[in-house]
Amino acid sequence: MKIVDFIIPEKLPDARAALLELGEKGIPAAGCTAFQFYADGPERTAVLLNRLDLAGIRSTPEAFVIGAGTPLTTLHRFEAEGWALNGVIAQIASHQIRNISTLGGNIARVFPWADLPVALLALDGKILIQGREPRTYTVDQYFKTQPATLFTPGDLLTSIEVTPLAPNTGFAHVKQRMKSESFSMATASARVTIKDGIATDCRAAIGACIPFPTRINAIEEALAGSDPSDRPALDQAVTATLKPLSFLSKEGMSKDYIRHLAATTLADAIQQAAQDAQRRLS
Amino acid sequence: MNRKTITCKINGVQKEFLVDPDTRLQTVLRDQGYASVKFGCGEGACGACTIIMNGEAVYSCILYAFQADGQEIWTTEGVGSLDKPHPFQQALVEEGAVQCGFCIPGMIMSAKALLDREPDPSEEEIRLSMDGNICRCTGYEKIWTALHKVIAQGKGRES
């Protein structure tokens, strides 16, 4: 993609109007760190969103409301009861990238290796798009297919609501990489609620190892009423539930190896989420 | 191509540039004489081009120049001097931590951004703040020692 012009609007309506007028020739720009992955793309006019007051995190009783323009570093430094994204962000790219990349940029177009779609699918929440009318999607609706297809010219992702963790609920995000900054080969996130050592509720998702991040509903159902610390049983359940999925071969490794890696990663995430729930209870 | 004027503050001095939309900030800074801003990988991986923008370390090689409009930028030229080096620069010299030196300006900017924010960081904070800077001479240990020396001396916030 070649940037042939740029516009720096001061207000959201101005940005939307510019994008509407530019149509396919315009592209919303914030951190711009992903633009290098479109190196061979067509000419575009960048509409910079950094001055639109879309950054920041607000706590409400129901959710953390995060502006789409919030840099990943801000998510990493934020601290609040029930906030779980710190550990996700620490595993993304490098410090300099986290300082400039935004949450919105990470999820407006989903790259196969992206972390935050996997984490948000497990945490649950809502995505708000400002178009002709404001639209709200649950994360399950939003990540059902490539979310970029949900946007028409002039639409802007403005905020993301993330459900806080309840006191008896834990969360974990695990990814496998060749090197610390490499793209993930397999990513898994899990949110597990525990009562008397037994999992009563679970949300789990995987990404990077499959063409598009997805929730693993079968393991969520299988885990309900079981003891997540029973690793052999957990491994068996995870392996069985991943069987219908088609895996990618990566970094010279076979699809079967990546399937095995994904199963181990998902079981690790579930077990660590359960341990996190126990820790939060104690 | 629509060339446009951007303004930003570099090392405390207000500047104005005419930039092509597709030009990267690293190129503009080099062209303007800020030679400490190295071109390494050009894809946001090595850290040689690290600058501080609005208090945070960023890769200038993957930033478009227009993203700097209205921002405050610091390069190594604005950090210390031969007569009065930044404590981390002094520690790098004392520890013999500079081999080929190509990564060092980027290391200095990442360390300065960290120390300005948190003069007594934890090991985890240090690791996360320096994880985007690569030394191809693999001289990490002495760079690490120099950084810890500054922190131990309580000089993190001196500049």
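Sequence order as written defines the numbering, with residues in each chain counted from 1. For this description, chains carry letters from A and ligands carry numbers from 1, given in the order in which they are written. Reporting in this predicted model follows two pLDDT cut-offs: at least 70 for local features of residues, and 80 or more for side-chain atom pairs to be given and counted; totals over whole chains, interfaces and linings ignore these cut-offs and use all residues. Excluding hydrogens and water, the side-chain values take into account all heavy atoms of the structure.

## Quick word on the overall build of chain B
- A count of helices and strands for chain B gives five helices and five strands.
- Listed by position from the N terminus, the elements making up chain B come as β-β-α-β-β-β-α-α-α-α.
- Here the globule rule reads 2.2 Å times residues to the power 0.38, and the radius of gyration is calculated from C-alpha atoms. By the compact-globule yardstick of 15 Å for 159 residues, chain B fits well, its C-alpha radius of gyration being 15 Å.
- When its C-alpha atoms are laid out on the principal axes, chain B stretches across 50 × 30 × 30 Å. Helical segments are the DSSP runs of H or I of at least four residues, strand segments are the runs of E of at least two, and each set is numbered from the N terminus.

## Concerning the interface of chain B and chain A
- At the junction of the two partners, chain B supplies 31 residues and chain A supplies 28 residues.
- Carbon and sulfur atoms make up 53% of the area that chain B and chain A hide from each other, which totals about 2,500 Å².
- Note on definitions: salt bridges are taken to be side-chain nitrogens of Lys or Arg within 4 Å of carboxyl oxygens of Asp or Glu. At the surface where chain B touches chain A, the tally comes to five salt bridges.
- Between Asp 69 of chain B and Arg 51 of chain A there is a salt bridge, with the nearest N and O atoms lying 2.9 Å from each other.
- Each polar contact in these results corresponds to two N or O atoms within 3.5 Å; when the atoms are within protein, one needs to be able to donate a hydrogen and the other to accept it, and residues that are neighboring in sequence are counted only if both atoms are side-chain atoms. Along the contact surface separating chain B from chain A lie 19 residue pairs in polar contact (both at pLDDT 80 or more).
- Listed by contribution, the elements that provide at least two residues to the side of chain B that touches chain A are β1 (4–10), β3 (50–53), β4 (56–59), α3 (104–117) and α4 (123–130) of chain B.
- The element that contributes the greatest number of residues to the side of chain B that touches chain A is β4 of chain B, accounting for four residues.
- Residues are grouped as follows: Ala, Val, Leu, Ile, Met, Phe, Trp, Tyr, Cys and Pro are nonpolar; Asp, Glu, Lys and Arg are charged; all remaining types, including Gly, are polar. Counted by class, the side of chain B that touches chain A contains 14 nonpolar, ten polar and seven charged residues. We call two residues in contact when some of their heavy atoms are within 4.5 Å. In short, buried area is how much 1.4 Å probe accessible area vanishes from two parts on joining, totalled over both.

## A closer look at the sheet that holds strand β4 (residues 57–59) of chain A
Residues and elements named next belong to chain A.
- Only strands joined by at least two bridges in the DSSP assignment are considered to pair. Spatial ordering of the open sheet is given by β4-β5-β8-β6-β7, a layout of five strands whose pairing is antiparallel. The two strands at the open ends of the sheet, each matched to only one other strand, are β4 and β7 (134–138). Neighbour-to-neighbour, the strand axes of this sheet turn through a mean angle of 20 degrees, independent of strand direction.
- Here three bridges tie β4 to strand β5 (residues 64–67), and the two strands are oriented antiparallel to one another. Directly across from Arg 58, in β5, lies its bridge partner Val 65. Convention adopted: a line fitted to C-alpha atoms gives each axis, helices being fitted over their contacting stretch, and angles between N-to-C directions are expressed from 0 to 180 degrees.

## Some details on the domain arrangement of chain A
Residue and element names in this part refer to chain A.
- In this document the domain limits rely on a domain assignment from an automatic tool or a database. Partitioning chain A into structural domains gives domain 1 (1–41 + 54–164) and domain 2 (169–281).
- Between domain 1 and domain 2, the C-alpha centre-to-centre distance is 24 Å.
- The interface is formed by 28 residues belonging to domain 1 together with 24 residues belonging to domain 2.
- A combined buried area of about 2,000 Å² lies between domain 1 and domain 2, and 60% of that area is made up of carbon and sulfur atoms.
- Taken together, the links from domain 1 to domain 2 amount to five salt bridges.
- A salt bridge links Lys 175 to Asp 115, with the shortest nitrogen-to-oxygen separation between them at 2.9 Å.
- The tally of links from domain 1 across to domain 2 stands at eleven residue pairs in polar contact (both at pLDDT 80 or more).
- Every element with two or more residues in the side of domain 1 that touches domain 2 is listed here: α6 (116–123) and α7 (139–142).

## Some thoughts on α4 of chain B
- Among all positions of α4 of chain B, only Ile 126, Leu 128, Ser 129 and Met 130 of chain B are buried.
- Among the structural elements, α2 (72–77) and α4 (95–100) of chain A together with α3 and α5 (140–152) of chain B are those in contact with the buried residues of α4 of chain B. Exposure is judged per residue with a 1.4 Å probe applied to protein chains only, and the accessible area is read against the type maximum: over 50% gives exposed, under 20% gives buried, and values in between give partly exposed.

## Observations concerning the sheet that holds strand β9 (residues 169–176) of chain A
- The antiparallel open sheet is built from four strands, whose spatial order is β9-β10-β11-β12 (chain A). Here the strands that pair on one side only, and so sit at the sheet edges, are β9 and β12 (214–215) of chain A.

## A short note on the packing of aromatic side chains
- When two rings of Phe, Tyr or Trp (its six-membered ring) have centres within 6.5 Å they constitute a pair, described as stacked for plane angles under 30 degrees, edge-to-face for angles over 60, and tilted for the intermediate range. Applying the stated criterion across every chain yields a total of ten aromatic pairs over all chains.
- Look at Phe 78 of chain A and Trp 83 of chain A: their rings are 4.8 Å apart centre to centre, the planes differ by 75 degrees, and that puts the pair in the edge-to-face class.
- Residue classification places Trp 83 of chain A among the buried positions, given a relative accessible area of 8%.
- Ring-pair connections join several aromatic residues into one group, and the members of that group are Phe 6 and Phe 35 of chain A together with Tyr 64 and Phe 66 of chain B.
- Whether a charge sits over a ring depends on NZ of Lys or CZ of Arg being within 6 Å of the ring centre and within 35 degrees of the ring normal. Seen from the ring of Phe 6 of chain A, Lys 4 of chain B lies directly overhead, with NZ or CZ sitting 5.0 Å from the centre.
- Lying across the ring of Tyr 64 of chain B, Arg 24 of chain B places its NZ or CZ 4.1 Å from the centre.

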